[in-house]
Amino acid sequence: MTGAEVDPEVVSARVRALRSRIAAVTDLEVRIVAVTKGFGAGAVRAALAAGIHDIGENYAQELLDKHAALAELAREVRWQFIGRLQRNKVRALASVVSCWQTIDRDELAAELSRRAPGAAVLVQLNLSGEPQKGGCPIDEAPRLVARCSQLGLEVRGLMGVGPAGPPERARPGFRRLVALADELGLPERSIGMTADLEVALEEGSTMVRVGRELFGPRPVRGGAAGPLA
Ligand SMILES: *Cc1c(COP(=O)(O)O)cnc(C)c1O
């Protein structure tokens, strides 16, 4: 896959703009995860050139393809897995992923602890309550966090995806996530994407996952005539 063309200078300018948007809302040190799903390895290179080393991917194969294409830069990239994770994909990803942000059930934690002992994880919460969405129910999160630790995984924090629609709709869920992270003594709160960035920062995000704001509209996944057709 080639992916859409990405202009590194445009990405650098957008990263600078994003950093000032963040600084305008919060004094916290907020890490930017550049979400490159749908784009090619060029988007990862552009992010690196702009000083971003945390790269978010949603799909196992796409991540592995980009990792292979960027072999010479492998040590510079920290792959953040942010998509729905199937247990049978863990093994192939185990030596590549830096942080697993979507741990939401016991089987996944158990498999990960077998394939990548001590791996860094975030426990994903289902903030919308819709059962078809990823993430564990908020009430079950403390138990899952404890289970992950018991399995030797390094739980760094919590992750959540805001609901679609107006950004304000994401606020109550983000607030619960941050409160729970505080309660559990977990430093990292991975909340906020292009659509709900400010709300997430106001509520205490320490890590935003941003795609379209940096790279523009995403190419259609699996488009037969190529990403920009
Ligand atoms: C795609 C995606 C993002 C980035 O979304 P943008 O709207 O492009 O900023 C962030 N987090 C997750 C979990 C995603 O799937």
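Residues numbered from 1 in each chain as written. Predicted model: local features only at pLDDT ≥ 70, side-chain atom pairs only at ≥ 80, totals over all residues. Heavy atoms only, no water.

Enquirer: I tried to follow the pattern of salt bridges on my own but got confused; where do I start?
Expert: Once the charged atoms of two side chains with opposite charge are near each other, the side chains can pair. A full pass over the atoms with the stated rule returns 20 salt bridges. Between R21 and E198 there is a salt bridge, and its shortest N-O distance comes to 2.8 Å. In this pair, R21 is assigned in helix α1 (residues 8-25) and E198 in helix α8 (residues 197-203), connecting sequence segments 177 residues apart. Between R45 and E72 there is a salt bridge, and its shortest N-O distance comes to 2.9 Å. Separated by 27 residues along the polypeptide, R45 in helix α2 (residues 41-49) and E72 in the loop between α3 (60-69) and β3 (78-81) bring together distant segments of the chain. (Salt bridge = Lys/Arg side-chain N within 4 Å of Asp/Glu carboxyl O. Helix = DSSP H or I, 4+ residues; strand = E, 2+ residues; numbered from the N terminus.)

Enquirer: How do you make sense of the site of the ligand when you look at a structure like this?
Expert: The full set close to the ligand counts 13 residues, and K37, N58, T194, R212 and R218 are the nearest of them. The side chain of N58 places a nitrogen or oxygen atom 2.7 Å from an oxygen atom of the ligand. Relative to its unbound accessible area of 390 Å², the ligand is 93% covered by the protein chains. Its residues assigned to classes, the shell around the ligand shows 6 nonpolar, 3 polar and 4 charged. (Near = heavy atom within 4 Å. Polar contact = N/O pair within 3.5 Å; in protein donor to acceptor, adjacent residues only side chain to side chain. Areas by Shrake-Rupley, 256 points an atom, 1.4 Å probe, with all protein chains shown as cover. Nonpolar A, V, L, I, M, F, W, Y, C, P; charged D, E, K, R; others polar.)

Enquirer: What am I meant to see in the nonpolar core here?
Expert: Across soluble globular proteins, nonpolar side chains have a tendency to be buried as a group. Within the largest apolar cluster, 68 residues are counted, with the highest numbers of intra-cluster contacts made by W100 and L125. Broken down by element, this core gets its largest block of residues, 6 residues, from α2. Apart from residues lying up to four places away in sequence, L125 is in contact with G134, G135, C136, I138, A141, L158, M159, G160, L177 and L180. V33, V35, L122 and M207 belong to the second-largest nonpolar core, a separate cluster that totals 7 residues. (Core = buried A, V, L, I, M, F, W, Y, C linked by side-chain atoms within 4.5 Å. Buried < 20%, exposed > 50% of the residue type's maximum accessible area, 1.4 Å probe, protein only. Contact = heavy atoms within 4.5 Å.)

Enquirer: Sorry, what's going on with the environment of N126 here?
Expert: In this structure, N126 sits in the loop between β5 (120-125) and α6 (141-150). For N126, a relative accessible area of 10% translates into the label buried. Between the C-alpha atom of N126 and that of A141, which follows or precedes it by 15 residues, the distance is 9.5 Å. Look past the residues within four positions of N126 in its chain and what remains in contact with it is P131, K133, G134, G135, C136 and I138. Within the local environment of N126, its side chain forms a polar contact with the backbone nitrogen of G129, the two atoms lying 2.9 Å apart.

Enquirer: Sorry if this is basic, but what is going on with the environment of A181 here?
Expert: Counting through the fold element by element, A181 comes out in helix α7 (residues 171-184). On a C-alpha basis, the gap between A181 and R156 in space is 9.5 Å, while along the polypeptide they are 25 residues apart. Ignoring sequence-local partners within four residues, the contact set of A181 consists of L158, L186 and R189.

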